[in-house]
Amino acid sequence: MTQVVNVLLEPSDALRAARRSLDGLSCIQEISSWGRLSSGSKRWVLRFVVDTGYQATEFVPNPSAWYVTVDDNYPLGAIHIYPAVEGSITATFPHMARNEPPQTKSPFRTGNLCLTTPDGIFSRFGSPIEPYEVHTRLEWHVGRTVEWVKAAANDELLITGDPFELPVFPNTDLIKKGKKWVRVAFQENSRRLLKWNARDEVWGMVPLHPVAGRQDVKAAGDFEDGQGNSIISASWGEAVDQRSGVQWAAWLRLPAPPVMSPWAAPQTWSELAVICQKLGIDLNLFISQLSRWGWRETLHYVLVGFPIPDHVGGEDVQIEWKAIRLERPISRKMQVASGFRIGPRQLQMQVQLMLGGNNFLNWQPTENWETQVLNARGAFKQPLRKACILAVGGGAVGSKITETLARGGCEDMTIADPDTLEAGNLRRHTLLLSSVDQDKARALSIRLNQISPYMNAVAFPAALPTGGEGLDRLMRNTDLVLDMTAEDSVLSVLSIYSDFTPRTFISISSGHDARRLFFYAYKGNNFPLDDFNSAIDPWLEREMIEREAEGTTMGVPSAPGCWHPLFPARDDSLQILAGAATRMIERFYAGEISSGLHVLELQDDAITGLPTLMAATL
C-alpha cells in the first residue's frame, strides 16, 4: 500500500516570516531562501554565513557557512544547525555532535550544534529560554549560533565553572545493518576514586555480567589486576546475574579523558595510541597483554577509564568508563591464516593486527549506575533505604507499597504471602497477566528485583509462621516489619513473637471503597496488639455503620454460587492511599511522626469535585 505524505510545495507564511527575521541580524550574511531538505521531505533548509570579524584560527575559519533545518509546522518541531561541507568548521567542539562529513550528498556535515542544553551554559550569551513565536524562534537559534562560533574561536565553549561534558564516543554498531549495541553499566563515586588513586595498576581484567537476563545490558563486576586478584570490588543486587553468562573485558585506566583537540573522542586505535602516548601510557604494551589474558579467558570488550570532574576546572569526582566492543573476541580460538596452528605468538600477532592502525574503535554506550546517581531522580532518606524490610502481604496495597519502596532506593526486602495471583487481582495489583497462577510473593520479588540493580528481594510464598525457626529466620536481622494483610492472625503472631530486638512495626490497611487509610506504627520488641485494637475498633464500627447505611456488602461475585470476601475499591484510590502510606513509612522510620494510629480520609470536594486527602478523626 502506498503511503501518502503531505508535503508543502512552498514554504509557509510562518517560514517566510522566520526568514525575514534574520535580515539585519548581527554577524549574519548571505542568507539563502528556503528549500526542501530532499524530495518528499517535511523539513526545510536554508544556508547562512557567519562573519564574526575575528581572525581565523586553526579550527575556526572566518567567515563560516552554516545550514539550518526546520519542520513544516514551524514554529513547532525541531530546529537543527549544521556546519556546511564547504567553508565551515570541520573539527568537533564542545556542545556539538560528532562533526563528520555526510554519507550522502548533503551540503552539510553531521555536527549538529547543541544550543539549548544544558541550561545556563549559554546564559552568558543572552536568555537561555527558547522562544516559540514565529518571528523569534529561528532568530534565537541563529543568534546563538553566532555566539557559539565566537566562543569556539576564543576557546570559551567550556570555561571554568561550566558543567563538565565529554565528547561523543562514536558507536559503529549503530550504522551496521543487523548489529545491536551493548550498554555497559558501572558504579563509580568519589570514595571509589580514592581507592583507584591509591592503586598503581593501570590495566587488568573485569567480568561483565548480564542484567535482568539480557546480554545487551551488562554490569561491570570486580576489577582485577593482571594476575586475577580483585582490587576494586562491585556490589550488585539480584538482577545482575553473577553466576552465568559472564563475558570478560580488559580495562585500561588513563590519567585524563582521551580527547583530541579541540574536543573529539578517538575514533581509531592509532588515535587512541597517540593520546595514550601523550598521557604516558604505552598502548602497544597493553595490547600485548590482551593476547596473554585472552589465552586464559575470552575477551569481548575493552573498558577505558579516566577521572572526570563535575565542573570544568574542578576536582575530579569519579572514574568514567567507556566500553569498546572488540571486532572479534580475543581467545585461543581466534582464526588465523590457513595452515598455521594457533599459539601464543600467533594470537599476539592477530591481536596486534586487529587493534592497530586505522581500525575503528567500536565504542559502546556506558552509564554510571552508582546509587547516588540512580537516586538523584528521587529517593527515600538514607535510614529507610538501608533498612532490612519484611513485607507481609503482597496484595493490592502490599504490591504498590513495596514497588514504591523499591523505586525509592530500598535494597533489602522479603515478601511473605501464601496466595497465588488471579486474573481478578490485576485490577488493583502491580503484577501482570504473565504472573497469573504464580505465587504472589515470588512474582512480586522478581518484579522488584527488576526495578533496581541493587535490590535483593526474596520470596516467602507461605503464611507467616506462628513461631519456631521459620519465624525466627524471617524476623532475624529485620529492621522494619510491614503488615499489609488486614488479617488479625498476622498481628497476633507479631504481638507474641519477641527476640528482644527493637524494630519498627507498621500495619497498613484500607477502608471500604478505599476511602480511608489506616496506618498504625510502633517501635519496640513486638507488636502492641491490645493498643492497636483499642485504636482501630471504633473506626471499624463506623465503617460497618456506613456500609449498612449504603446497603453495601463486603463480598463480590467471582463465579455462579461463589463469592469472594473482597471490598470494592478502584485502583486510582488505592494508588493515592498507598503513596501516602509510603510517605508515612519514611517519616515514621526517621522519627518525624508519632507512634499510634493515623487515619487519612480520601474525599471529593463538594464544590470543586477535586480529590482531597486529609487526616480524619472520629
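Refer to the structure above for everything that follows.
## Quick word on the overall build of the chain
And then number 1: Tallying secondary structure elements over the chain gives 14 helices and 25 strands in all.
And then number 2: Expressed as lengths along the three principal axes of its C-alpha atoms, the size of the chain is roughly 85 × 70 × 55 Å.
And then number 3: Intrachain contacts of the chain at a sequence separation of at least 6 include 65% that bridge at least 24 residues.
And then number 4: Of the roughly 30300 Å² that the chain leaves accessible, carbon and sulfur atoms contribute 51%.
And then number 5: Across the chain, the mean location of the 59 positive side-chain charges is 8 Å away from that of the 70 negative side-chain charges.

## Some words on the environment of I389
And then number 1: You can see I389 is positioned in strand β16 (residues 388–392).
And then number 2: The spacing of I389 and N112 is 277 residues in sequence and 49 Å in space, taken between C-alpha atoms.
And then number 3: Discounting residues that sit within four places of it in the chain, I389 has contacts with L384, L405, C410, D412, M413, T414, L480 and L482.

## Concerning the packing of aromatic side chains
And then number 1: Taken as a whole and assessed by the stated rule, the structure comprises 22 aromatic pairs.
And then number 2: Ring pairing ties together the aromatic residues F59, W66, F93 and W148, which thus form one cluster.
And then number 3: The ring of Y589 carries the charged tip of K523 above its face, separated from the ring centre by 5.9 Å.

## A look at the side chain of R192
And then number 1: The topology assignment puts R192 in helix α3 (residues 190–197).
And then number 2: Ignoring anything within four residues of it in the chain, the contact list for R192 reads Q187, F223, I232, S233 and A234.

## Looking at the side chain of R43
And then number 1: Within the secondary structure, R43 sits in strand β3 (residues 43–50).
And then number 2: The class of R43 is buried, set by a relative accessible area of 15%.
And then number 3: Once residues within four sequence positions are removed from consideration, R43 is found in contact with G35, R36, L37, T69, V70, D71, A78, I79 and H80.

## A few points about the pairing of strand β12 (residues 299–309)
And then number 1: In terms of burial, β12 is a largely internal element, ten of the eleven residues being buried.
And then number 2: Where β12 and strand β13 (residues 316–330) come together, ten bridges link them in antiparallel fashion. Within β13, the position partnered with F306 by the bridge is E320.
And then number 3: The turn linking β12 back onto β13 is made up of six residues, and G313 within it adopts a positive phi angle of 85°.

## Details of the pattern of salt bridges
And then number 1: Within the structure shown, the criterion is met by 29 salt bridges.
And then number 2: For E201, the salt bridge goes to R199, with nearest N and O atoms at 2.8 Å.
And then number 3: Put simply, K400 and D571 hold a salt bridge, and the shortest N to O gap is 2.6 Å. Here D571 lies in helix α14 (residues 571–589) and K400 lies in helix α9 (residues 396–407), a separation of 171 residues in the sequence.
And then number 4: The class of K400 is buried, set by a relative accessible area of 4%.

## Brief notes about the packing of α9 against α14
Each pair of packed helices can be summarised by the angle the axes make with each other and by the distance between the axes.
And then number 1: Viewed as axis vectors pointing N to C, α9 and α14 meet at an angle of 50°, and their least axial separation amounts to 9 Å. In terms of orientation, α9 and α14 fall into the oblique class. In terms of crossing hand, the pair formed by α9 and α14 is right-handed. Across the interface between the two elements, A396, V397, K400, I401, T404 and L405 of α9 pack against D571, L574, Q575, A578, A581, T582 and I585 of α14.
And then number 2: Of the residues in the contact of α9 with α14, the class split is eight nonpolar, three polar and two charged.

## Quick notes on the nonpolar core
And then number 1: Counting residues in hydrophobic clusters, the biggest one holds 43 residues, and the most contacted among them are I401 and I508.
And then number 2: Examining the composition of this core, we find that nine residues originate from one element, α14, more than from any other.
And then number 3: With residues near it in sequence (within four places) discarded, I508 still touches V397, I401, D483, M484, L517, F518, F519, A581 and I585.
And then number 4: Judged by nonpolar contacts, the second largest core, of 35 residues, contains I89, A151, A153 and L157.

## Here we look at the sheet that holds strand β18 (residues 456–460)
And then number 1: Read across the sheet, eight strands follow the order β18-β17-β16-β19-β20-β21-β24-β25 without closing on themselves; strand pairing throughout is mixed. Each edge of the open sheet carries a strand with a single partner, namely β18 and β25 (611–615). Here the average twist between neighbouring strands, direction ignored, is 15°.
And then number 2: With four bridges connecting them, strand β19 (residues 480–483) and strand β20 (residues 503–510) associate as parallel partners. What sits directly across from L482, in β20, is I506.

## Some remarks on the pairing of β19
Looking along a regular strand, one sees side chains alternate from face to face of the sheet.
And then number 1: By the alternation rule, side chains of β19 split into L480 and L482 and V481 and D483, which are all buried.
And then number 2: Following the chain from β19 across helix α12 (residues 488–496) to the adjacent parallel β20, one finds a crossover that is right-handed.

## Some remarks on helix α11 (residues 468–475)
And then number 1: Buried within α11 are the following residues: L471, L474 and M475. Projected onto a plane normal to the axis of α11, the buried residues spread over an arc of 90° and lie on a single side.
And then number 2: Note on α11: the residue one or two positions beyond its end, N477, has a positive phi of about 70°.

Criteria and cut-off values
- Residues numbered from 1 in each chain as written.
- Predicted model: local features only at pLDDT ≥ 70, side-chain atom pairs only at ≥ 80, totals over all residues.
- Heavy atoms only, no water.
- Helix = DSSP H or I, 4+ residues; strand = E, 2+ residues; numbered from the N terminus.
- Contact = heavy atoms within 4.5 Å.
- Areas by Shrake-Rupley, 256 points an atom, 1.4 Å probe, with all protein chains shown as cover.
- Lys, Arg positive; Asp, Glu negative; His and termini not counted.
- Charge placed at Lys NZ, Arg CZ, Asp CG, Glu CD.
- Phe/Tyr/Trp six-rings, centres within 6.5 Å; stacked < 30°, edge-to-face > 60°.
- Lys NZ or Arg CZ within 6 Å of the ring centre and 35° of its normal.
- Buried < 20%, exposed > 50% of the residue type's maximum accessible area, 1.4 Å probe, protein only.
- Pairing = 2+ DSSP bridges.
- Salt bridge = Lys/Arg side-chain N within 4 Å of Asp/Glu carboxyl O.
- Axes fitted to C-alpha atoms, helices over the stretch in contact; angles between N-to-C directions.
- Parallel < 35°, antiparallel > 145°, perpendicular 65-115°, else oblique.
- Left-handed = near helix turned anticlockwise from the far one by under 90°.
- Nonpolar A, V, L, I, M, F, W, Y, C, P; charged D, E, K, R; others polar.
- Core = buried A, V, L, I, M, F, W, Y, C linked by side-chain atoms within 4.5 Å.
- Right-handed = clockwise from strand over helix to strand, strands pointing away.
- Arc of directions from axis to C-beta.

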